[in-house]
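# Commentary on secondary and tertiary structure
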Amino acid sequence: MNQNLTVKIIERTNEVYLKKYIAMRKLIMKMSMSVDGFVSGANGEMDWVFKSSTPESKAWAIEQTWDADLVLMGRKTFETIAPYWVTSTDAFAAPMNEISKAVFTKKGYKGFDPGKDPSPAAVSWAKARIFDEDLAEGIKQLKAEQGKPITAIGGAGFMNSLIATRLVDEFRLVIHPVILGAGQPIFTGLAKPQHLKLVDVKSFPGGIVVHIYHPA
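Residues numbered from 1 in each chain as written. Predicted model: local features only at pLDDT ≥ 70, side-chain atom pairs only at ≥ 80, totals over all residues. Heavy atoms only, no water.

Let's shift gears to the pattern of salt bridges. Under the definition given, this model contains eleven salt bridges. A salt bridge links Lys-107 to Glu-133; the shortest N-O distance between them is 2.7 Å. One end of the pair, Lys-107, is in the loop between strand S3 (100-104) and helix H6 (120-126); the other, Glu-133, is in the loop between strand S4 (129-131) and helix H7 (135-144), and 26 residues separate them in sequence. The two residues Lys-107 and Glu-133 agree in class, both being exposed. One salt bridge in this structure joins Arg-129 and Glu-145, with 2.8 Å as the shortest N-O distance. (Salt bridge = Lys/Arg side-chain N within 4 Å of Asp/Glu carboxyl O. Helix = DSSP H or I, 4+ residues; strand = E, 2+ residues; numbered from the N terminus. Buried < 20%, exposed > 50% of the residue type's maximum accessible area, 1.4 Å probe, protein only.)

Next up, the structure:
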């Protein structure tokens, strides 16, 4: 085979590989949790999250949210937070209302009803993409699209299922200075261990410490 042709074939193969695998969007899982590893109390309590929040930690969280151009979550979280954010004046409202959303659910879910004469925020939530098929396949589809990173938020059940897909590229574990004693974990029932490497640690005045991990 002609040497120049061989080189071109190799270059083309490498180009396809880079586009398909290396250039895929990063999936970031962001989760607040207690020192003893729970993401909510036994009955879903989340008030402890706000007790250690400071302007510095909130500013960091908002900045991290803006770094993504897609926020994905499970249906329960979507139904809970959508009505709140569309009318909220909190600093988090801007990114939550402006960034595109995707929701993973069971078949038959119709999404958010923006009502008559909806605000731009309500329209944004109504435009959320709905995935009601296999979770892993839906995540692969989103990661293969062009764009900025994807941020995953949500409750314990959705996060546990997401971790099990082994498709998370970055874990941002926001550890709050509280011991709950009981609650809902997210790292249980995995088929096999997932080894991680610590890539960054950030601490804030209120006692919050963020551990950032990548798959090892």
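Here helix H8 (residues 156-164) has its buried residues at Ala-156, Phe-158, Met-159, Leu-162 and Ile-163. Axial view of H8: buried residues confined to an arc of 165 degrees, hence all on one face. On its buried face, H8 sits against strand S1 (27-34), strand S2 (70-74), S3, H7, strand S5 (150-152) and strand S6 (170-176). Positive backbone phi, at 60 degrees, marks Arg-166, one or two positions downstream of H8. (Arc of directions from axis to C-beta. Contact = heavy atoms within 4.5 Å.)

Another point: the side chain of Ser-32. With respect to the helices and strands, the residue Ser-32 is situated in strand S1. Looking at Ser-32, its side chain comes within polar contact range of the side chain of His-176, at 3.2 Å. Those residues in contact with Ser-32 that sit more than four places away from it in its chain are Phe-38, Val-39, Trp-48, Val-49, Val-174 and His-176. (Polar contact = N/O pair within 3.5 Å; in protein donor to acceptor, adjacent residues only side chain to side chain.)

What follows deals with the pairing of S6. Extensive coverage of S6 is indicated by the burial of seven of its seven residues. Residues Glu-170, Arg-172, Val-174 and His-176 line one face of S6 and the alternating positions Phe-171, Leu-173 and Ile-175 line the opposite face, and both faces are buried. Judged from the seven bridges that link them, S1 and S6 form a sheet pairing that is parallel. Each bridged residue has a counterpart across the sheet, and for Lys-30 the counterpart in S6 is Arg-172. Across five bridges, the pairing between S6 and strand S8 (residues 209-215) is antiparallel. Bridged to Phe-171 within S8 is Tyr-213. (Pairing = 2+ DSSP bridges.)

On to the packing of aromatic side chains, then. What the rule picks out here adds up to eight aromatic pairs. Seen from their ring centres, Tyr-84 and Trp-85 are 4.8 Å apart, and the 70 degrees between their planes marks the pair as edge-to-face. Judged by relative accessible area, which is 45%, Tyr-84 ranks as partly exposed. Assessed through its relative accessible area of 12%, Trp-85 is described here as buried. Centroid distance Phe-171 to Phe-187: 6.5 Å. Interplanar angle 50 degrees. Geometry classified as tilted. Taken together, the residues span a long stretch of sequence, with Phe-171 in strand S6 and Phe-187 in the loop between S6 and strand S7 (196-203) at a distance of 16 residues. On the basis of relative accessibility, which here comes to 2%, the residue Phe-171 falls in the buried class. Given the relative accessible area of 37%, Phe-187 is considered partly exposed. Three or more aromatic residues link up through ring pairs in this structure, and these residues are Phe-78, Tyr-109 and Trp-125. Taking the ring centre of Trp-125 as reference, the NZ or CZ of Lys-101 above it sits at 4.5 Å. (Phe/Tyr/Trp six-rings, centres within 6.5 Å; stacked < 30°, edge-to-face > 60°. Lys NZ or Arg CZ within 6 Å of the ring centre and 35° of its normal.)

With that settled, the discussion passes to the sheet that holds S4. Hydrogen bonds between backbone atoms are what pair the strands of a sheet, whose relative direction is either parallel or antiparallel. Reading across from one edge, S4-S3-S2-S5-S1-S6-S8-S7 is the order of the eight strands in this open sheet, with mixed pairing throughout. Taken across any chain shown, the strands that pair with only one partner, and hence form the sheet edges, are S4 and S7. Direction aside, the axes of adjacent strands within the sheet are offset by 25 degrees on average. Packed on one face of the sheet, H8 meets S1, S2, S3, S5 and S6 and runs near 135 degrees to S1. (Axes fitted to C-alpha atoms, helices over the stretch in contact; angles between N-to-C directions.)

Moving on, we come to the pairing of S7. As defined by bridge partners, S7 adjoins S8 across seven bridges and the pair is classed as antiparallel. Residue pairing for S8: Ser-203 is matched across the bridge by Val-209.

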